[in-house]
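# Structural description and commentary
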Amino acid sequence: MKHGKYPLIITFLVPPLLLYGVFVLSPYLQAFQISTTNWLGYSAHADPVGMANFRTLLHDGQVWNAIKNNAIMLAVVPVLTIGLGLFFATMLNMGGRKGRAGVTGVRGTSVYRMVYFFPQVLSVVIIALLWKEVYHPNNGLLNGALRALGLPAPTWLGDPRTAFWCVLAVMVWSNVGFYVVLFGAAMSAVPRDIYEAVMLDGASRWTTLRRITVPLLWDTVQVAWIYLAIAALDGFILVQQMTNGGPNFSSDVIGLRMYETAFGSESKFGYASAIGVVMLFLTLSVAVLALRTARRDRIEYS
Amino acid sequence: MTTLDRPTTTAAEEPGAARGQDRRLRRELGVANLFSHGFLLLWAALTALPLLWMFISSFKSDGEILSDPWGLPGALRFENWSRAWTEAHIGRYFLNSGIVVAGSLTLTMLLGATAAYVFARYEFRGRQVVYYLFVGGMMFPVFLALVPLFFVVRNAGLFGSWTGLILVYAAYSLPFTVFFLTAFFRTLPTSIAEAALIDGCGHFRLFFRVMLPMARPGLISVAIFNFLSHWNQFILPQVLMQGDDSKWVLAQGLTALAVSQGYQGDFSGLFAGLTIATLPVLAVYVAFQRQIQTGLTAGQLK
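Throughout what follows, the structure given in this document is the object of discussion. In this text, all values refer to a predicted model and were calculated from it rather than measured experimentally. (Residues numbered from 1 in each chain as written. Chains lettered and ligands numbered in written order. Predicted model: local features only at pLDDT ≥ 70, side-chain atom pairs only at ≥ 80, totals over all residues. Heavy atoms only, no water.)

### Observations regarding the interface of chain B and chain A
Interface extent is often summarised as the accessible area lost during association of the parts. The condition that has to hold: In what follows, a contact means two residues having at least one pair of non-hydrogen atoms within 4.5 Å. A 1.4 Å probe defines the accessible area here, and the buried area is the portion of it lost by two parts on being joined, summed over both. Salt bridge, as applied in this entry: a Lys or Arg side-chain nitrogen positioned within 4 Å of an Asp or Glu carboxyl oxygen. Any pair of nitrogen or oxygen atoms within 3.5 Å is treated as a polar contact; in protein, a donor-acceptor pairing is required on top of that, and neighbouring residues in sequence qualify only through side-chain atoms on both sides. The helix and strand labels rest on DSSP assignments: H or I over at least four residues marks a helix, E over at least two residues marks a strand, and numbering proceeds from the N terminus.
Across the boundary between the two partners, chain B contributes 105 residues, which contact 100 residues of chain A. The three residues of chain B that bury the most area against chain A are Trp-43, Phe-143 and Leu-144 of chain B, which together make up 9% of that side's buried surface. Applying the counting criterion to the chain B and chain A interface returns zero salt bridges. Linking chain B with chain A are 18 residue pairs in polar contact (both at pLDDT 80 or more). The dominant element in the side of chain B that touches chain A, judged by the number of residues it contributes, is helix 3 (residues 15–57) of chain B, at 23 residues.

### Brief notes about helix 12 (residues 254–263) of chain A
Owing to its 3.6 residues per turn, the α-helix aligns residues three or four sequence positions apart on the same side. Definition in use: Remark: exposure states derive from per-residue accessible area (1.4 Å probe, protein chains only) relative to the maximum for the residue type, with buried under 20%, exposed over 50%, and partly exposed in between.
Most of helix 12 of chain A sits out of view: nine of its ten residues are buried. If you check which residues of helix 12 of chain A are buried, you get Ile-254, Gly-255, Leu-256, Arg-257, Met-258, Tyr-259, Thr-261, Ala-262 and Phe-263 of chain A.

### Some thoughts on the environment of Gln-222 of chain A
Along the chain, the position of Gln-222 of chain A falls in helix 10 (residues 218–232). For the pair formed by Gln-222 of chain A and Asp-159 of chain A, sequence separation is 63 residues and the distance between their alpha carbons is 35 Å.

### A closer look at a nonpolar patch on the surface
Cut-off, in case you're wondering: Patch membership requires more than 30% relative accessible area and the absence of a salt bridge. Residues of like charge join within 9 Å; the nonpolar side chains Val, Leu, Ile, Met, Phe, Trp and Tyr join within 5 Å. Here, Shrake-Rupley sampling with a 1.4 Å probe gives the accessible areas, and only protein chains in the shown set may cover a residue.
A cluster of nonpolar side chains, namely Phe-35, Phe-39, Leu-42 and Leu-46 of chain B, defines an oily patch on the protein surface of about 380 Å² accessible area. With respect to the helices, strands and loops of the structure, Leu-46 of chain B is situated in helix 3.

### As for unusual backbone geometry
Residues and elements named next belong to chain A. Here the residue pair Gly-246 and Pro-247 is connected by a cis peptide bond, since its omega of -15 degrees sits within 30 degrees of zero. Within the element layout of this structure, Pro-247 appears in the loop between helix 11 (236–242) and helix 12. Even without being a glycine, Trp-156 presents a positive backbone phi close to 50 degrees. Even without a glycine there, the phi angle at Ser-267 is positive, about 40 degrees. Checked against the element boundaries, Ser-267 lands in the loop between helix 12 and helix 13 (269–301). Judged by relative accessible area, Ser-267 falls into the buried class, the value being 10%.

### Digging into empty space enclosed by the protein
Here is the rule: Cavities and pockets were defined on a 1 Å grid built over protein atoms only: a cavity is a set of grid points that admits a 1.4 Å probe from which the probe cannot escape, a pocket is an open set flanked by protein on both sides within 12 Å along at least five of seven lines, and lining residues are those with an atom within 4 Å of any such point. Grid points are joined across faces, edges and corners, and a volume is the space filled by probe spheres set on the points. Three residue categories are used. Nonpolar comprises Ala, Val, Leu, Ile, Met, Phe, Trp, Tyr, Cys and Pro, charged comprises Asp, Glu, Lys and Arg, and polar comprises the others, including Gly.
In total, this model carries two cavities of 30 Å³ or more according to the counting rule given. Counted as a void, the largest cavity has a volume near 60 Å³. Along its surface, the largest cavity is lined by Ser-123, Val-125 and Ile-126 of chain A together with Trp-231, Asn-232, Leu-250, Ala-251, Leu-254, Ala-277 and Val-281 of chain B. Elements with a minimum of two residues in the lining of the largest cavity: helix 5 (124–134) of chain A together with helix 14 (250–264) and helix 15 (267–287) of chain B. Here the lining of the largest cavity is built from residues that sort into eight nonpolar, two polar and no charged. One number sums up the size of the second largest cavity: a volume of about 40 Å³. Every residue along the wall of the second largest cavity is listed here: Ser-97, Val-100, Val-101, Tyr-169, His-230, Trp-231, Gln-233, Val-249, Leu-250 and Ala-251 of chain B.

### Side note on the environment of Tyr-227 of chain A
Residue placement: Tyr-227 of chain A occurs in helix 10. Sequence separation of Tyr-227 of chain A and Pro-78 of chain A is 149 residues, and the distance between their C-alpha atoms is 8.7 Å.

Keep in mind these values describe shape, not function.
Below, the structure written as structure tokens:
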């Protein structure tokens, strides 16, 4: 059976490896090298400067401002999204009237699930452009409602105090549905009798959620946490399309900073790559950190 | 507590007590049901309203959008749609996206399936190393690769071409596709493959005639996942498809539309463009929502 195995391995593995090597692996490796040069875009001229780009980064107020915004997203987006996701998944899967222990789903669960999930399949560009109109100070959906109620109509994306939070809200809005479905799938794998038993013992819904559902779903919550944390370190498309980082850099994020440094007017490729390297390390450490904390909590529960 | 702890047979002997208890439970659950439905409906409205508004606004005149964002259109103005389709070239971008996604999806699935098959079913030296090298690509933020990727694509003479985009989309989708499909091919029974080999089936025929058809469910899941991510791709075309706007994909076309309509005050055209871009995705989603939901959530869970 070994006979004729190598021709297949070679024909099947070489083309994908080649494609991956050229377009994925080599750019990533080059990025590290470029980050140690002072390369200014399209000039052939790139001198090695060692760690100078990273030293500049340490004192770059704009980059720190962007990192601060990503840090806020990192603290707020996963908590809100997972919280809302768990809440709605619980409602959908256990809010039903039928059955004395009340562990059936509400009527129309599949319709809710379909509606909730829809933003997930939409392009983020469409979401960003649509919400930009929803927030529009004059003809937006939001201010239209506020005016009808006789309330003041803020400028939302035009106001440095609110712009960032408006983008953050859209991030949560577009993600919740996905986690409702994800948690819902995990919940349906939990044996019914566990719920029936605790509810017969008189546990409230809140206790059930906190003491039974969340611990049993902990692995899924952990995965959700990591994905949302990585998403919160990005946010590029929403920010670029809705506010372009403004007003006055109030909604800037590190991805946009990197993009503007590289492909904006200055085309500082060396410096932009250094920001990219920082982003990589931030992403990796956040993933590791999320895994660590999640693991510790799991031991407490079990 | 005591009444609930009683064995069910006693409850059956006292029908009156059981009925009273039943009614109380049902009333409690009724309240809970109202509560769940209230929140569930609220979120459903929050999710659907912006999308519905986009759809309705695409039929309005600009005057109607400006004066009454919540109102219904006076007439169904399909001319907004045709204006977006032809004058804003949404039709052309749509076609371009279709071409690129058809190419990249075919390439991703072909190369991903062959590589995954080799990783899953064949022993050879260095398999582990190559596999982790491949799958490791999932970990890195694409921002890090952007600057060098720009030059890799340009030096290959593929800048601003669909071929370039197709190759790059495929290359960046390979890590996840290979990861997912390797796990899938491992689950397939070996006995069938062995029987086929003994019957004189070659390794290549074995793959195309036996293994690939058996892997269909896995292939479909990962194809849906890749289709959505390629169709919604934004940052890669933005960097690699600058210049010649006749080759732009949908995301770029919509961004340009938003900018130009913003200047011209043609809001109805923008809403029509967004609606045109949304409808096919919505249709595909409604038709395949089960597969899409499980495919995407399984995809994220790995």
